[in-house]
Amino acid sequence: MLEEFNVDQNTLVHAWQQQLPEFLDPGDSAEVLADESDPQGFRVHINAAGHQFYSFDFYCSYMDPREVKVELVDVEKDGQTVNEQNERLQEMTGDYVRHLHECAQALHRITNPS
């Protein structure tokens, strides 16, 4: 049986916005937004550092107080959607997914305070 998840979405988004930069590479930036259709979900937009102008959009949702599901929604280069199947983008995506899970672990004090 899944545990109930009872964290206010605004609190969650604010906590992620504050904590996530600590897990990103220097020069990367992120924006965390509430998902209007899912009170346990939020969207993360990451602008990668460097001159390639890549940005990554993820959808994250809490499965329970300890587990966050991370899905890649889109990768863009200079505002245009690109095929995320190339090896470098796969590597970058994997790194960002790991960073998102690390951030979720750091936020257990909020999502799973017991």
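This is a predicted model, so every value here is computed, not measured.

Conventions adopted
Residues numbered from 1 in each chain as written. Predicted model: local features only at pLDDT ≥ 70, side-chain atom pairs only at ≥ 80, totals over all residues. Heavy atoms only, no water. Phe/Tyr/Trp six-rings, centres within 6.5 Å; stacked < 30°, edge-to-face > 60°. Helix = DSSP H or I, 4+ residues; strand = E, 2+ residues; numbered from the N terminus. Buried < 20%, exposed > 50% of the residue type's maximum accessible area, 1.4 Å probe, protein only. Pairing = 2+ DSSP bridges. Contact = heavy atoms within 4.5 Å. Axes fitted to C-alpha atoms, helices over the stretch in contact; angles between N-to-C directions.

Caption draft 1: Examining the packing of aromatic side chains more closely. Overall, the coordinates contain four aromatic pairs when judged by the stated rule. Ring geometry for F42 versus Y62: centroids 6.3 Å apart, planes at 40°, classification tilted. Taken together, the residues span a long stretch of sequence, with F42 in strand β2 (residues 41-47) and Y62 in strand β3 (residues 54-64) at a distance of 20 residues. Taken individually, F42 and Y62 each receive the classification buried, so the pair is uniform in this respect. Centroid distance F56 to F58: 6.5 Å. Interplanar angle 10°. Geometry classified as stacked. Put simply, the rings of W16, F42 and Y62 pair up and form one aromatic cluster.

Caption draft 2: Quick peek at the sheet that holds β2. The five strands lie next to each other as β1-β2-β3-β4-β5, forming an open sheet whose pairing is antiparallel. Taken across any chain shown, the strands that pair with only one partner, and hence form the sheet edges, are β1 (29-34) and β5 (80-81). Of the pairings in the sheet, the one linking β3 to strand β4 (residues 67-77) comprises ten bridges and is antiparallel in character. Of the residues in β4, the one forming a bridge with F58 is L72. Contacts from helix α1 (residues 9-19) reach β1, β2 and β3, with the element oriented near 175° to β1.

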